[in-house]
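# Coordinates in review
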4 protein chains.
Amino acid sequence: MGGLGIEDEAFIRGKVPMTKQEIRVLTLVKARISPTDTVWDVGAGTGSMSVEAARLAPQGHVYAVERNTEGVSLIARNREKFGVSNLTVVEGEAPEALKDLPDCDVAIVGGSGSHLPKILDEISARLKPGGHVVMNCITVQTLAAALEYLRAHETEFSYEAIQVQINRLQAVGAYDMAKAINPIYIVTGEKK
Amino acid sequence: MGGLGIEDEAFIRGKVPMTKQEIRVLTLVKARISPTDTVWDVGAGTGSMSVEAARLAPQGHVYAVERNTEGVSLIARNREKFGVSNLTVVEGEAPEALKDLPDCDVAIVGGSGSHLPKILDEISARLKPGGHVVMNCITVQTLAAALEYLRAHETEFSYEAIQVQINRLQAVGAYDMAKAINPIYIVTGEKK
Amino acid sequence: MGGLGIEDEAFIRGKVPMTKQEIRVLTLVKARISPTDTVWDVGAGTGSMSVEAARLAPQGHVYAVERNTEGVSLIARNREKFGVSNLTVVEGEAPEALKDLPDCDVAIVGGSGSHLPKILDEISARLKPGGHVVMNCITVQTLAAALEYLRAHETEFSYEAIQVQINRLQAVGAYDMAKAINPIYIVTGEKK
Amino acid sequence: MGGLGIEDEAFIRGKVPMTKQEIRVLTLVKARISPTDTVWDVGAGTGSMSVEAARLAPQGHVYAVERNTEGVSLIARNREKFGVSNLTVVEGEAPEALKDLPDCDVAIVGGSGSHLPKILDEISARLKPGGHVVMNCITVQTLAAALEYLRAHETEFSYEAIQVQINRLQAVGAYDMAKAINPIYIVTGEKK
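These figures come from a predicted structure and were not determined experimentally. (Residues numbered from 1 in each chain as written. Chains lettered and ligands numbered in written order. Predicted model: local features only at pLDDT ≥ 70, side-chain atom pairs only at ≥ 80, totals over all residues.)

Moving on to the overall build of chain A. Summing up its helical and strand segments, chain A has five helices and eight strands in all. N-terminal to C-terminal, the α/β element order of chain A is α-β-α-β-α-β-β-α-β-α-β-β-β. Here chain A has a C-alpha radius of gyration of 16 Å; the compact-globule value for 192 residues is 16 Å, and the two agree. With the C-alpha coordinates of chain A rotated into their principal frame, the extents come out at 55 × 35 × 30 Å. Among the 192 residues that make up chain A, the fraction classed as buried is 56%. Long-range pairs, those at least 24 residues apart, make up 69% of the contacts in chain A between residues at least 6 apart in sequence. (Helix = DSSP H or I, 4+ residues; strand = E, 2+ residues; numbered from the N terminus. Rg over C-alpha atoms; globule rule 2.2 N^0.38 Å. Buried ≥ 20, exposed ≤ 12 C-beta atoms within 10 Å, placed from the backbone. Contact = placed C-beta atoms within 7 Å.)

Here is the structure:
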């Protein structure tokens, strides 16, 4: 069956950027997915996060929302490769593409374009109490917008945030040399 | 049942230092524990890693080796708190304390004192092919010793290593301020 | 004597938080202070940055603006301790306290309270072409505000920004263990 | 004249890897160069560190030791470009190439191949009391060797070490995105 932490190389990815394993795992841990959860994965990219979420929710369902055509195709192929049947690909742009989905227990926001506040409005309205929204923020502006939203809605959400920086050691002859991976912020809101 | 990623606050810890949630999760991911695995947790501390490992191996068994008396007691209490029955506490010092354990599929080395090479000799002899040894290294010397061992035994092990640095954002009035957590290296050897 | 990089311990500091040596040095490098420059140090704290700036501008002058009474006293004492005569302490709050100062070649903003945009308006109006404003940002909100300002005034400023994270190795018996220092962003605007 | 912190782009560099400005500056600060100092720059690469050291020691002299022919040529060209006359290029390999140099007040070790202990023996014998040796370590093995040497010679040296990680923000449209630079350790020994 598996457990968390599929290797990056195992996913079909094309040229779509993919969240690294370590970040994917920490994001999923913050998401606190239960076996029967309904999960939205907004800006699903290659579907690597969606596939792992689907395995964490075997009696639940994951909706992978992606506007990019190549991404939509990659998600479908990764769903097939990993044999997860509880994963639906939704081609379209958030927040519009979220309207017809069932309410969720967990929302993961990987990519938001410039629509983050509107996406969070929709998530806020549709996330069940006790559920989590987890955002991966690679830009200062997205991080600031995520925090601003959660602070402005403090009656609905509590939040925590971490920055994660990973250096991978590379063997070069007799030496191990650190190769830096770009850092990322993981912002988690818990619906009250 | 649960899944990975119990909150730090959920564990009983006393004054024994405890691996932070994010590091615990990444260590467990690198360990690639299967449901039926036998796991050694060497230098188990509070047992936080052992408890999570036991939940990842519900049909397997975890042996938590710890020389410190307070640690041994904390592991027992956390085992009880989280209701994991497949976890045995072994009071004693590695590598001696490892001799009577059944062979393992996974070995996690959290604390090694100065005995790392001898502990790795024992693990190397008793780890099943395809199994993983994962070391958390918080000192330069332990990191260097771990890499030196794995390089010297390259016919038996392939390896990878990452440094993880987490900054936690703390809300202070209208601001979110980064508070750094000490970085750690996670070194993983895969038995050939 | 001289040169950049006075040790932290050399400064008189009381309970006022002080920028660490490594950050102080990198900030001063980004400031590109010339020997005859007029420098504003806004939110000067203990005056550690002001003292070093004054030594980099022996034929220039540094104005250390600080609203906190304890800070004002510490700056005066550090000025005396390091024997820098080209440093004036200005008690008051920016931007008001900046009005009566001579125009500047360099502005360093260590602390801004919530007045950053207004402080930057004043700096923008009074900084000479080719001069630099350097901000130390320890919160996400200050960083975002600094970048937003510089982006909104792109006809006046070009900018660069770095995040700096330092881990200090501490000897503990036979081991060297990393102790993390909280990270900081250094944002630099160059007046066109 | 200048002061610390020449921009990376200002140096002629070819394909020789060059220490980044921020690391160069922090290394020079740890070196505590005085105006009349004799400085050895071992493994000088492009000479960027040597040029800055030469400017910090206008009445002293810098010896840039480099075994790579392209490097030797680059150092000579950068010496000319920045008009520093107190800088001598020494083609050869340390420690042999150090034998004929005058004793030093400061030694900077950027590249050491696998000869670090022998190079440190020579530096230890020839560094004046109160002088500093500063090493840039990009591999775990070099870091461990540097610390091991300084610990084994604790009657001769006190030491400190930091790890520096810089993320550079890159503007991408309306966003600023962190781009990680590989981390480095700076190890400093002070001769007793």
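What follows picks up the thread again.
This part is about the nonpolar core. Formed by 263 residues in total, the largest nonpolar core has its most connected members in Ile 108 of chain A, Ile 108 of chain B, Ile 108 of chain C together with Ile 108 of chain D. Ignoring sequence-local partners within four residues, the contact set of Ile 108 of chain A consists of Thr 27, Ala 31, Val 39, Trp 40, Asp 41, Val 42, Met 49, Ala 53 and Val 134 of chain A. (Core = buried A, V, L, I, M, F, W, Y, C linked by C-beta atoms within 7 Å.)

Across the boundary between the two partners, chain A contributes 21 residues, which contact 21 residues of chain B. Elements that contribute at least two residues to the side of chain A that touches chain B include exactly α1 (21-31), β6 (157-172) and β7 (175-180) of chain A. At nine residues, β6 of chain A tops the list of elements feeding residues into the side of chain A that touches chain B. Examined bridge by bridge, β6 of chain A and strand β6 (residues 157-172) of chain B share nine bridges and lie antiparallel to one another. (Pairing = 2+ DSSP bridges.)

With that settled, consider unusual backbone geometry. Residue Pro 95 of chain A follows Ala 94 of chain A across a cis peptide bond; omega there is 5°. Locating Pro 95 of chain A in the fold gives a position in the loop between β3 (87-91) and β4 (104-109). Within the chain, Arg 32 of chain B stands out as a residue other than glycine whose phi angle is a positive 50°. Mapped onto the elements of the fold, Arg 32 of chain B is located in the loop between α1 (21-31) and β1 (38-42). Classification of Arg 32 of chain B by C-beta neighbours within 10 Å gives buried; the count is 21.

Here the focus is the interface of chain D and chain B. Between chain D and chain B, the contact holds five residues from the first and five residues from the second. Counted by class, the side of chain D that touches chain B contains four nonpolar, one polar and no charged residues. (Nonpolar A, V, L, I, M, F, W, Y, C, P; charged D, E, K, R; others polar.)

Next up on the list: helix α3 (residues 69-81) of chain B. Residues separated by three or four positions in an α-helix point in the same direction, a consequence of the helix having 3.6 residues per turn. Residue and element names in this part refer to chain B. Counted at 1.5 Å a residue, the expected span for α3 with its 13 residues is 18 Å, and the 18 Å between its end C-alpha atoms agrees. Within α3, the full set of buried residues consists of Gly 71, Leu 74, Ile 75, Asn 78 and Arg 79. Looking down the long axis of α3, one finds its buried residues gathered within 140° of arc, a one-sided arrangement. Residues of α3 that are exposed and angled more than 90 degrees away from the buried face: Thr 69 and Glu 80. Buried residues along α3 sit against α2 (48-56), β2 (61-66) and β3 (87-91). Note on α3: the residue one or two positions beyond its end, Gly 83, has a positive phi of about 60°. (Expected span 1.5 Å × (residues − 1). Arc of directions from axis to C-beta.)

The subject of this paragraph is the environment of Glu 66 of chain A. Residue and element names in this part refer to chain A. The residue Glu 66 is located in strand β2 (residues 61-66) in this model. For Glu 66, a count of 29 C-beta atoms within 10 Å gives the class buried. Distance in space between the C-alpha atoms of Glu 66 and Ala 94 is 8.2 Å, their sequence separation being 28 residues. If we skip the residues at most four places from it in the chain, Glu 66 touches Gly 43, Ala 44, Gly 45, Gly 71, Val 72, Ile 75 and Glu 91.

Below, the discussion takes up the relation of the copies chain A and chain B. Taken as rigid bodies, chain A and chain B are interconverted by a rotation of 180° and an axial shift of 0.0 Å, the fit giving an RMSD of 0.0 Å. Such a combination of turn and shift is consistent with a two-fold rotation axis. Closest approach to the rotation axis among the C-alpha atoms of chain A is made by Gln 165 of chain A, whose C-alpha sits 2.6 Å away. By residue overlap, the copies meet face to face through one surface: 100% of the interface positions of chain A are interface positions in chain B. (Least-squares fit on C-alpha atoms with pLDDT ≥ 70 in both.)

The next thing to look at is the confidence of the model for chain A. Residues of chain A with pLDDT of at least 70 account for 98%, and the chain-wide mean is 95. The ipTM assigned to the predicted complex is 0.94, against a pTM of 0.96. (pLDDT = per-residue confidence, 0-100.)

This part takes up the packing of α1 of chain A against helix α2 (residues 48-56) of chain A. Residue and element names in this part refer to chain A. At a closest axis distance of 10 Å, the pairing of α1 and α2 adopts a crossing angle of 45°. As far as their axial angle goes, α2 and α1 are oblique. Here α1 and α2 pass one another in a crossing that is right-handed. Contact residues: Arg 24, Thr 27 and Leu 28 in α1; Ser 48, Met 49, Glu 52, Ala 53 and Leu 56 in α2. Considered class by class, the residues forming the contact of α1 with α2 number four nonpolar, two polar and two charged. (Axes fitted to C-alpha atoms, helices over the stretch in contact; angles between N-to-C directions. Parallel < 35°, antiparallel > 145°, perpendicular 65-115°, else oblique. Left-handed = near helix turned anticlockwise from the far one by under 90°.)

Residue and element names in this part refer to chain D. Most of strand β1 (residues 38-42) is tucked away, with five of its five residues classed as buried. The two faces of β1 match: Thr 38, Trp 40 and Val 42 on one face and Val 39 and Asp 41 on the other face are all buried. Relative to strand β2 (residues 61-66), β1 is paired through five bridges, and the arrangement is parallel. Opposite Asp 41, over in β2, you have Ala 64 as the bridge partner. Tracing the backbone out of β1, into helix α2 (residues 48-56) and back to the parallel element β2 gives a crossover that is right-handed. (Right-handed = clockwise from strand over helix to strand, strands pointing away.)

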